[in-house]
Amino acid sequence: GQQLNQSPQSMFIQEGEDVSMNCTSSSIFNTWLWYKQDPGEGPVLLIALYKAGELTSNGRLTAQFGITRKDSFLNISASIPSDVGIYFCAGRTTSGTYKYIFGTGTRLKVLA
Amino acid sequence: DTGVSQDPRHKITKRGQNVTFRCDPISEHNRLYWYRQTLGQGPEFLTYFQNEAQLEKSRLLSDRFSAERPKGSFSTLEIQRTEQGDSAMYLCASTNANEQYFGPGTRLTVT
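A brief look at the structure comes next. The structure displayed is predicted, hence computed values, not measured ones. (Residues numbered from 1 in each chain as written. Chains lettered and ligands numbered in written order. Predicted model: local features only at pLDDT ≥ 70, side-chain atom pairs only at ≥ 80, totals over all residues. Heavy atoms only, no water.)

**Observations concerning the overall build of chain B**
Move 1: Looking only at helices and strands, one finds zero helices and eleven strands in chain B.
Move 2: For chain B, the sequential pattern of α-helices and β-strands runs β-β-β-β-β-β-β-β-β-β-β.
Move 3: The C-alpha radius of gyration computed for chain B amounts to 13 Å, which stays within 12% of the reference 13 Å derived for 111 residues, consistent with globular compactness.
Move 4: Each of the three principal axes of chain B carries a C-alpha extent, and together these read 35 × 25 × 20 Å.
Move 5: The burial tally for chain B puts 49% of its 111 residues in the buried class.
Move 6: Surface exposure of chain B reaches about 5,600 Å², of which carbon and sulfur atoms provide 42%.
Move 7: For chain B, the distance from the average site of its 14 positive side-chain charges to the average site of its 13 negative ones is 7 Å. (Helix = DSSP H or I, 4+ residues; strand = E, 2+ residues; numbered from the N terminus. Rg over C-alpha atoms; globule rule 2.2 N^0.38 Å. Buried < 20%, exposed > 50% of the residue type's maximum accessible area, 1.4 Å probe, protein only. Areas by Shrake-Rupley, 256 points an atom, 1.4 Å probe, with all protein chains shown as cover. Lys, Arg positive; Asp, Glu negative; His and termini not counted. Charge placed at Lys NZ, Arg CZ, Asp CG, Glu CD.)

**Let's talk about the interface of chain B and chain A**
Move 1: Across the boundary between the two partners, chain B contributes 23 residues, which contact 22 residues of chain A.
Move 2: With both sides pooled, the region where chain B packs onto chain A buries about 1,900 Å², and carbon together with sulfur makes up 50% of that total.
Move 3: Taken together, the connections running from chain B to chain A amount to one salt bridge.
Move 4: Among the ionic pairs, arginine 9 of chain B bridges to glutamate 41 of chain A, the shortest N-O distance being 3.8 Å.
Move 5: At the boundary of chain B and chain A, one finds ten residue pairs in polar contact (both at pLDDT 80 or more).
Move 6: Elements represented by at least two residues in the side of chain B that touches chain A include exactly strand E4 (31–37), strand E5 (44–50), strand E9 (88–95) and strand E10 (101–102) of chain B.
Move 7: Counting residues per element, the side of chain B that touches chain A draws most heavily on E4 of chain B, which supplies four residues. (Contact = heavy atoms within 4.5 Å. Buried area = accessible area lost by both parts, 1.4 Å probe. Salt bridge = Lys/Arg side-chain N within 4 Å of Asp/Glu carboxyl O. Polar contact = N/O pair within 3.5 Å; in protein donor to acceptor, adjacent residues only side chain to side chain.)

**So, the state of the cysteines**
All names here are of chain A.
Move 1: Throughout the structure, instances matching the rule amount to two disulfides over all chains.
Move 2: Note that cysteine 23 is cross-linked by a disulfide to cysteine 89, the S-S spacing being 1.8 Å. Looking along the S-S bond of the cysteine 23-cysteine 89 disulfide, the torsion reads about 45°, which is the right-handed sense. Placement of cysteine 23 in strand E3 (residues 19–24) and of cysteine 89 in strand E9 (residues 85–93) is noted, with a sequence separation of 66 residues between them.
Move 3: Using a relative accessible area of 0% as the deciding quantity, one classes cysteine 89 as buried. (Disulfide = S-S within 2.5 Å.)

**Topic: the pattern of salt bridges**
Move 1: Under the criterion given, the structure shown has six salt bridges over all chains.
Move 2: In this structure, aspartate 38 of chain A engages lysine 36 of chain A in a salt bridge whose closest nitrogen and oxygen atoms are separated by 2.9 Å.
Move 3: Residue classification places aspartate 38 of chain A among the partly exposed residues on the basis of a relative accessible area of 37%.
Move 4: One network of salt bridges, in which partners are shared, links Arg64, Glu83 and Asp86 of chain B.

Written out as structure tokens, the structure is:
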């Protein structure tokens, strides 16, 4: 099935470092969602974005809706061990459907 | 609000058997989604409902797969004549607007 490109695929960082990841699409989206998934569980919604250029924060997490409407970015500041997990982006196109397409995921590992 | 629930959480079945999964969305959420997720991949869209109407189905949803939401509340996903390639996590999500909330998933293992 169709999936969005997420980068990087995985990252190992030291506790306290900042993290950046992005998601790109060949289509224009009108909604971007960012999720975190722990092993064996369903994804948990972190941030939702609805307008090009929008910057939204949720605690140490900040996400941006790209100006081109074809990309989105997620930043995590001052990472802690519980940030470990897989982060997924999801986007909805402007074509009148309510179908979401998910990214391939960024696996984050935090070294204490 | 108890969140999205799915039952069962785990299912092991033999190839060729039929299985049925249930999803209970957040109450009053009018849209309900089914996804399939395999190891190392993001969730892949299967189908979604607006109330009881099934509005879109993925090509991934072969003839062996069928989903229903008869009263616009809970939904079921049935897989007939299961194959080993059906082994995956099946996720359900619901929404009333744009923010999708997921259940814990049903992990299917076909032996």
